[in-house]
Amino acid sequence: MNQTFCVSDQEAGSRVDVFLSRSCENLSRSYIQKLLKAQAVMVNGNAVRSSYKVEAEDRICVDIPEAAEPEILAEPMELDILYEDQDVILINKPKGMVVHPAAGHYSGTLVNGLMNHCRGQLSGINGVLRPGIVHRIDMDTTGVLIACKNDTAHRLVAAQLKEHTVVRRYRAIVHGVIREEEGTVDAPIGRHPADRKKMSINERNGRPAVTHYRVLKRFKQFTYIECRLETGRTHQIRVHMASVRHPLLGDQVYGPEKCPFRLQGQTLHAEVLGFVHPGTGEYMEFHAPLPEYFENLLTKLES
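Residues numbered from 1 in each chain as written. Predicted model: local features only at pLDDT ≥ 70, side-chain atom pairs only at ≥ 80, totals over all residues. Heavy atoms only, no water.

Once that is clear, we can look at the pattern of salt bridges. In this structure the tally under the stated criterion is eleven salt bridges. Linking Glu84 and Lys149 is a salt bridge whose minimum nitrogen-to-oxygen distance equals 2.7 Å. Of this pair, Glu84 sits in strand β5 (residues 81-84) while Lys149 is found in the loop between β7 (142-148) and α4 (151-162), placing the two residues 65 residues apart along the sequence. Where Arg171 meets Glu271, a salt bridge forms, and the shortest distance between an N and an O atom there is 3.2 Å. (Salt bridge = Lys/Arg side-chain N within 4 Å of Asp/Glu carboxyl O. Helix = DSSP H or I, 4+ residues; strand = E, 2+ residues; numbered from the N terminus.)

Shown next as structure tokens:
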């Protein structure tokens, strides 16, 4: 697979490995350096070393070898199905479940369960590792998620996601007391410059990201909020709320390391998903009830 990049005036002067690590979110810097040693990185038609400093209007072509994909097996598991027809299936994903297979998680994922339940009727646009998957939510985020059973449905739902017409509303509990009734965070999100496993507000290389939030209830040290997504960047709500000094309760990646409650990751729930059905053309909206741990936590905070 080839990827091509053009260097802007602002990026001129950076080492080529640094430039590529910013541009290729899915590639680590060490892997990029291996590609450079293998002469798989061409600048204006010539192979370069990692010490090369890019110049404005340089055309950089990266030849990324296709990864050998492991066989993904169908696994019987209980799925909380909110709705299903011949085109789509809506799942209420539990906490701790990974959406699709990746390094370290090749079994027990939602995809493994969908493959067993749908018996081959899943879209193939995203390849063998992510059949049916149009979007995803984090492992420790709960709530409603849509998968598509055929490529036509997949393309139509993906187009709505790209155009930001899918309704996505989340419930979250954040640190601190938010004084205003509602607000908006409009800040681009990209890969963290120092920690490739994290995302961050990145004015230079980030992609546009907008999160609207409103207060549902205030507690002594925390606030219960609803978040509405305009965009769907990786870790968007977690990064945006941390950026305004209200990180999600339980989020040890973007918030405090110590949590006053025994939680498994962030308190974030995808409550509502609304979209135009790819087969009927009608708008449909699905709600996932708050998980028990979330309800219990709200009761504790009220007492």
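As enumerated under the stated definition, the model contains six aromatic pairs in all. An angle of 55° between the planes, with centres 5.9 Å apart, marks the rings of Tyr224 and Phe294 as tilted. Of this pair, Tyr224 sits in strand β13 (residues 222-229) while Phe294 sits in helix α6 (residues 292-302), placing them 70 residues apart in sequence. Of the two residues, Tyr224 and Phe294, neither departs from the other in class, the shared state being buried. Taking the centre distance of 6.0 Å and the plane angle of 25° together, the rings of Phe275 and Phe286 count as stacked. Of the two residues, Phe275 sits in strand β14 (residues 268-276) while Phe286 sits in strand β15 (residues 283-287), which places them eleven residues apart along the sequence. Of the two residues examined, Phe275 and Phe286, each falls in the buried class. An aromatic cluster is defined as three or more aromatic residues linked by ring pairs; in this entry it consists of Tyr83, Phe275 and Phe286. (Phe/Tyr/Trp six-rings, centres within 6.5 Å; stacked < 30°, edge-to-face > 60°. Buried < 20%, exposed > 50% of the residue type's maximum accessible area, 1.4 Å probe, protein only.)

Right, let's get into the layout of surface pockets. Rolled over the atoms, a probe sized like a water molecule indicates the empty space that remains. Roughly 260 Å³ of volume is contained in the second largest pocket. Lining the second largest pocket are 16 residues; nearest its centre among them are Ser21, Arg22, His192, Pro193 and Arg196. Elements represented by at least two residues in the lining of the second largest pocket include exactly α1 (16-23), β10 (189-191) and β11 (199-201). The leading source of residues in the lining of the second largest pocket is α1, at three residues. (1 Å grid on protein atoms, 1.4 Å probe; cavity = no way out; pocket = protein on both sides within 12 Å on 5 of 7 lines; lining within 4 Å. Points joined across faces, edges and corners; volume = space filled by probe spheres on them.)

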